[in-house]
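Here's the letter readout for the chains.
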Amino acid sequence: MPELPEVQTTVNGLNKKVKGAKIIDVWSIYNSPYYKSKENIKDPKFFKEFKERIIGSKIINAERRAKNILIYLDNKETILIHMKMTGHLMFGEYTNTNKTNDPWKPTDPNNEALNDPFNTHIRLVFSLEMPGTKKGVEKVNLVLSDTRKFAKVTVIKTDGIFHSPDLSHLGPEPLAKEFNFKIFKDQINKKPNGKIKTTLLDQTIIAGIGNIYSDEALWLSNIHPESLVKNILDTELKKLFNSVLIVLKNGIDFGGDSMSDYRNIDGERGSFQERHNAYRKTGHICSKPACKKENKLNLKIGIIKRIVVGGRSTHYCENHQTKY
Ligand SMILES: [Zn+2]
């Protein structure tokens, strides 16, 4: 699932490509039972309303809140997209082939990135007019590919958007300027009896962290994922705070993680998956120098193990990550 760095990468791409674009049409065919609330375009009635509320408006800019993409429009409406498991937005020229399955194809068959098989399950298409071209306007598309159909798309009034049910429960943003160790510690300690991995994944505690970046941050800070929050010393918690910031920033710097379906707005892969030390490294020798080979300080070689914590697949080094 896209986490903070992947969603931020998409939002940065949106801000480069679609600012000022006018939405002239919207197409969608989700045919999916995976929606719980009615305010989701998977509900045909709501999709009709969705179109009415956004067609004709212009995109001001995009912003990320936790794992949500917020696209602000000039008519005081905001499109909210949560990409969930396999969703990702892409920008380019698309053609409706009117085929029954996956009718929208990239207009250029030689665009390798947009024709990547992970990018071909287009469920939602915004037709846009871009300002400032010589001909007056250029028609392009913003599309959502979503193989598993879990994504959520809705529209919310911009006024009071952060008090809406989709966003009001979310904890602080870890990469915000005002975020600091005290806030991190106070938030984590709201779940003193929780396991640290589960607590890091809790979006009401800290926003945006998922399975990949929690495993990597715990590996980097030498903390076992099943450690109880109340048992972790302040010095260790400080290391975890720093590690969370490091792995999230690295995720953004390397263009996100494309071990699974995630692709950026050009349909291209990120490369953070090449830098994993723990996540899905089961059976590999740990890359910490102290864990790599037998030596005087350390008689054991560290091997990455996989366990399930709070129902989530979890990867850690049995050698250097201490259980508190
Ligand atoms: Zn290790």
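The rules behind the values
- Residues numbered from 1 in each chain as written.
- Predicted model: local features only at pLDDT ≥ 70, side-chain atom pairs only at ≥ 80, totals over all residues.
- Helix = DSSP H or I, 4+ residues; strand = E, 2+ residues; numbered from the N terminus.
- Expected span 1.5 Å × (residues − 1).
- Buried ≥ 20, exposed ≤ 12 C-beta atoms within 10 Å, placed from the backbone.
- Contact = placed C-beta atoms within 7 Å.
- Domains from an automatic or database assignment.
- Nonpolar A, V, L, I, M, F, W, Y, C, P; charged D, E, K, R; others polar.
- Axes fitted to C-alpha atoms, helices over the stretch in contact; angles between N-to-C directions.
- Parallel < 35°, antiparallel > 145°, perpendicular 65-115°, else oblique.
- Pairing = 2+ DSSP bridges.
- Left-handed = near helix turned anticlockwise from the far one by under 90°.
- Core = buried A, V, L, I, M, F, W, Y, C linked by C-beta atoms within 7 Å.

Caption draft 1: Seen up close, helix H1 (residues 4–17). Its 14 residues give H1 an end-to-end C-alpha distance of 20 Å, which sits within 8% of 20 Å, the value for a rise of 1.5 Å per residue. Judged by how many residues are buried, H1 sits mostly within the fold: ten of 14 residues are covered. For H1, the set of buried residues is Leu4, Pro5, Glu6, Val7, Gln8, Thr9, Thr10, Val11, Leu14 and Lys17. The secondary structure elements touched by the buried residues of H1 are strand S2 (59–65), strand S3 (68–73), strand S5 (87–92), helix H5 (211–220) and helix H6 (234–253).

Caption draft 2: Region of the structure containing the domain arrangement of the chain. According to the domain assignment, the chain contains domain 1 (4–163) and domain 2 (181–317). Just the C-alpha atoms count here: the centres of domain 1 and domain 2 sit 31 Å apart. Taken together, the contacts link 22 residues of domain 1 with 21 residues of domain 2. If you list the elements that add at least two residues to the side of domain 1 that touches domain 2, you get H1 and S5. It is H1 that provides the largest number of residues to the side of domain 1 that touches domain 2, a total of nine residues. Per-class residue counts for the side of domain 1 that touches domain 2 are ten nonpolar, eight polar and four charged.

Caption draft 3: Highlighting the packing of helix H3 (residues 181–188) against H6. Direction vectors running N to C along H3 and H6 enclose 110 degrees, while the axes themselves pass 10 Å from each other. Considering the angle they form, H3 stands roughly perpendicular to H6. Facing H3, whose interface residues are Phe181, Phe184, Lys185 and Ile188, H6 presents Leu237, Lys238 and Phe241. When its residues are assigned to classes, the contact of H3 with H6 shows five nonpolar, no polar and two charged.

Caption draft 4: Molecular detail of the environment of Lys238. You can see Lys238 is positioned in helix H6. Here the alpha-carbon distance between Lys238 and Lys182, two residues 56 residues apart in the chain, equals 9.4 Å.

Caption draft 5: Here's a closer look at the sheet that holds strand S10 (residues 152–157). Strand order across the open sheet formed by four strands is S2-S3-S4-S10, with antiparallel pairing between neighbours. If you trace the sheet from one side to the other, it starts and ends with S2 and S10, each paired once. Averaged over all neighbouring strand pairs, the angle between strand axes comes to 20 degrees, with direction disregarded. The pairing of strand S4 (residues 77–82) with S10 spans six bridges and is classified as antiparallel. Along S10, the bridge assignment pairs Glu77 with Lys157. Running over the sheet, H1 touches S2 and S3 and is turned about 170 degrees from S2.

Caption draft 6: Here's a closer look at the packing of H1 against H6. Across the interface, H1 lies against H6 with an axial gap of 8 Å and an inter-helix angle of 40 degrees. The orientation of H1 relative to H6 falls into the category oblique. In this structure, the crossing between H1 and H6 has a hand that is right-handed. Along the contact surface, H1 presents Leu4, Pro5, Gln8 and Thr9, while H6 presents Leu248, Gly251 and Ile252. Classifying every residue of the contact of H1 with H6 gives four nonpolar, three polar and no charged.

Caption draft 7: Expanded view of the nonpolar core. Core analysis: the biggest nonpolar cluster contains 69 residues, and Ile71, Ile81 and Val143 have the highest contact counts within it. Among the domains, domain 1 (4–163) and domain 2 (181–317) are the pair contributing at least three residues each to this core. What Val143 contacts, discounting residues up to four positions off in sequence, is Met90, Tyr94, Trp104, Ile122, Leu124 and Val125.

Caption draft 8: Region of the structure containing the pairing of S2. Of the strand pairs in this sheet, S2 and S3 are connected by six bridges, and their pairing is antiparallel. Directly across from Arg64, in S3, lies its bridge partner Ile69. Between S2 and S3, which follow one another and run antiparallel, lie two residues, and Ala66 among them has a positive phi close to 55 degrees.

Caption draft 9: Structural view of unusual backbone geometry. Notably, Lys76 is not glycine yet its phi reads approximately 65 degrees, a positive angle. Residue classification places Lys76 among the exposed residues on the basis of 12 C-beta atoms within 10 Å. In this structure, Asp102 takes a positive phi of about 45 degrees despite not being glycine. Considering the arrangement of structural elements, one finds Asp102 in the loop between strand S6 (94–96) and strand S7 (104–106).

Caption draft 10: Summary view of the environment of Leu4. Within the element layout of this structure, Leu4 appears in helix H1. Its 26 C-beta neighbours within 10 Å are what place Leu4 among the buried residues. C-alpha of Leu4 to C-alpha of Arg65: the two residues are 61 residues apart in sequence and 8.6 Å apart in space. When near neighbours in sequence (up to four residues on either side) are disregarded, Leu4 contacts Lys67, Gly208, Ile209, Tyr213 and Leu248.

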